[in-house]
Each structure stands twice: as C-alpha cells, then as structure tokens.
Amino acid sequence: MFATRFAPSPTGFLHKGHAFSALTAFAAARATGGRFVLRIEDIDATRCRPEFEAAIYEDLGWLGLEWEEPVRRQSEHLDDYHAALGRLEADGLVYRCFRTRKEVAEAMASAPHGPMEVFRGGPLGRAEEMRRLAAGEPFAWRLSLDAAARRLGGFAGLTFMEGEARITAQPELGGDVVLARKDVGVAYHLAVVVDDALQEITHVIRGCDLFEATHVQRLLQALLGLPTPIYRHHDLLLGPDGKRFAKRDRSETLRSLREGGMSAGDLRRELGFD
Ligand code: GLU
C-alpha cells in the first residue's frame, strides 16, 4: 500500500515551506488512498523543544492534515538505531572517529591529493584506538565508504527511483558520514533509513535540499538489507526575496500567518492545493 511521510524536526516553528512539503506528501497519499505518516525527528535533544513539537501537531491540524496515530517520535526508539549501528559495526562498515570538528576541517584542507570536499578518513590503528578509548576520549561513528565499496563491489549497481527516473546513487557525495554523534548517540541518516523501513514507507516525498541525503541513505539501505522507497524531491518554495524559507525567519511561520488572520484555506490555495 502507498505510504508516505512528513518528518519534521521540532527545532523551530513550521513555516510555509514545511506546509508546502507536508501538503504535497499528504495530497499524494490522499490521491492513492494510501497512508500518511507524521514522524517527529527529535534525536537531537540539544536542539529540539517540546513547544515546537506541540506546535507541529497544532499547525498541521490547522492546515487540515490527518495522520496515523501513534506518531513515531525518534527519541523513543533509540534502541532501534543502536541495533542498526551494531549490525554495521559487526560487519566492519563503520569506524570510530575521535577528531574534533576543527581536526576534521584541517584534515580535509590538507589532504594529500588536494582539499577534500567531504570527509574521508578511516579507522585509527588498533593500539592508538585502544589508547584513546581507555582515556575516555569521545568519538563519533562514521560510515566507511571504502569498506562499503568493498562489501558491495563498488557502487555502480546502487540505484534508486526519482519519480519515473532511475538514478545511480553516488554515496561519495556525502563522504564518510557520521552515523552516531558523540553527544546524541545516533545521527540523521541512520535514524531515517531505519524508520522509513519500519514504517513501511513506499514513497519519500521531500524537498530537493535532501536529494544528496538520498544517495547516502540508499547506500545504508543496501548495507542494512532494507527496502528502498521511491523518491520524489520537490522544488523548494521560495519567499518573496527569492530565498528559501528557513526556521530562523519568524515572519512566515504558520502560527504567525494564522495569528495575522490568514485561514488554512487561503494558505492551501496560495500554495496550489484545493
Ligand atoms: N527531519 C528532516 C528535516 O526536518 C527531514 C528528514 C526527511 O524528510 O527525510 O529536515
């Protein structure tokens, strides 16, 4: 059965761009009689706030959306993500990265074959790793693209559907992405692929700002033996200044529009729905 999702992070109030994305996914689910899932991506406790989560339900309800209950809140399912990480670790596909942000930037800038656009590293020697672990140094888990390429015999056969078009994934675009952060214990890409599979999402409909993420996520699906949904990345809604909406722009949040007297019907029409 067709199933799609809207997966906001409660790090700010939703704006018109979110409304457009949510309505696009919701309309696709309605058109096929499929499922519409709302997922709260709140693994980063340092940035997520309960009032933003409450506002998500309120704003989407106001907009006329209906979603399946119970809503999956990622912070309640950390065990699922740790289990997936454990599988990657057992398969030798991730490594511990002890570098600070600054050290990562320095390593990228001074790479032997010219500056790296994305980080590629690799594990430390065993003795050095043991020494740092024993010293209690914090580390992140990173995906090893080299190990992944060895495991899959290269990435040439790794494809996904973007609407009707078959695209060859280029996970190199993301480099050795962080899959578990030092402070948070899990990172975005891993949580998303685990949840899309667990929630049986058949169609991922989201903004084109996440197109590169799909290449990384396709690789993780292959490594974890998870199904690959069909993807559709829509254009981003632009504000009057030609720039995309951002959570920091207070003026265009759904609640400020509502408080300013706009009706949900007006907004839906403005965004091309109804
Ligand atoms: N939580 C992500 C965000 O708010 C979206 C993730 C996704 O759609 O895969 O940008």
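Scope of this entry: the structure provided in the associated data block. It should be emphasised that the depicted structure is a prediction, and the values quoted were computed from it without experimental measurement.

**Observations regarding the pattern of salt bridges**
Then comes step 1: The tally for this structure, following the rule as stated, stands at 31 salt bridges.
Then comes step 2: Here Arg35 and Glu68 are joined by a salt bridge, their closest N and O atoms 2.6 Å apart. Residue Arg35 is located in strand β2 (residues 35-40), and its partner Glu68 is located in the loop between α2 (50-63) and β3 (72-73); the two are separated by 33 residues in the primary sequence.
Then comes step 3: The partner of Arg39 in a salt bridge is Glu41, and the shortest N-O contact between them spans 3.1 Å.
Then comes step 4: Assessed through its relative accessible area of 0%, Arg39 is described here as buried.
Then comes step 5: Residues joined by salt bridges that share partners form a network here, namely Arg5, Arg39, Glu41, Arg72, Asp80, Asp195 and Asp196.

**Considering the packing of aromatic side chains**
Then comes step 1: Throughout the structure, instances matching the rule amount to eight aromatic pairs.
Then comes step 2: Where Phe98 meets Phe139, the ring centres are 5.5 Å apart and the plane angle is 55 degrees; that geometry is what we call tilted. Taken as a pair, Phe98 in the loop between β4 (94-97) and α4 (101-109) and Phe139 in the loop between α5 (126-134) and β5 (140-143) lie far apart in primary sequence, 41 residues in all.
Then comes step 3: By relative accessible area, which is 7% here, Phe98 ends up buried.
Then comes step 4: Put simply, the rings of Phe98, Phe139 and Trp141 pair up and form one aromatic cluster.

**Brief notes about the nonpolar core**
Then comes step 1: Counting residues in hydrophobic clusters, the biggest one holds 34 residues, and the most contacted among them are Leu85, Leu88, Leu143, Leu179, Leu190, Leu219 and Leu223.
Then comes step 2: Ranked by residue count, the leading element in this core is helix α8 (residues 211-224), at five residues.
Then comes step 3: If sequence neighbours within four positions are ignored, Leu88 has contacts with Leu93, Val94, Leu179, Leu190, Leu220, Leu223 and Leu224.
Then comes step 4: Counting 27 residues, the second-largest nonpolar core is a separate cluster that includes Phe2, Phe6, Ala19 and Leu254.

**What about the layout of surface pockets?**
Then comes step 1: Reported here for the largest pocket is a volume of approximately 1600 Å³.
Then comes step 2: The wall of the largest pocket is formed by 47 residues, among which Ser9, Glu41, Arg47, Tyr188 and Leu210 lie closest to the centre.
Then comes step 3: Elements with a contribution of two residues or more to the lining of the largest pocket: β1 (3-6), α1 (16-32), α4, β5, α7 (188-198) and β9 (203-207).
Then comes step 4: The space that makes up the second largest pocket amounts to roughly 190 Å³.

**Details of the pairing of strand β10 (residues 230-234)**
Then comes step 1: Here β9 runs beside β10; their pairing, made up of five bridges, is parallel. Among the inter-strand pairings, Arg206 is bridged to a residue of β10, identified as His233.
Then comes step 2: The parallel pair β9 and β10 is bridged by α8, and the resulting crossover is right-handed.

About the thresholds
- Residues numbered from 1 in each chain as written.
- Predicted model: local features only at pLDDT ≥ 70, side-chain atom pairs only at ≥ 80, totals over all residues.
- Heavy atoms only, no water.
- Salt bridge = Lys/Arg side-chain N within 4 Å of Asp/Glu carboxyl O.
- Helix = DSSP H or I, 4+ residues; strand = E, 2+ residues; numbered from the N terminus.
- Buried < 20%, exposed > 50% of the residue type's maximum accessible area, 1.4 Å probe, protein only.
- Phe/Tyr/Trp six-rings, centres within 6.5 Å; stacked < 30°, edge-to-face > 60°.
- Core = buried A, V, L, I, M, F, W, Y, C linked by side-chain atoms within 4.5 Å.
- Contact = heavy atoms within 4.5 Å.
- 1 Å grid on protein atoms, 1.4 Å probe; cavity = no way out; pocket = protein on both sides within 12 Å on 5 of 7 lines; lining within 4 Å.
- Points joined across faces, edges and corners; volume = space filled by probe spheres on them.
- Pairing = 2+ DSSP bridges.
- Right-handed = clockwise from strand over helix to strand, strands pointing away.

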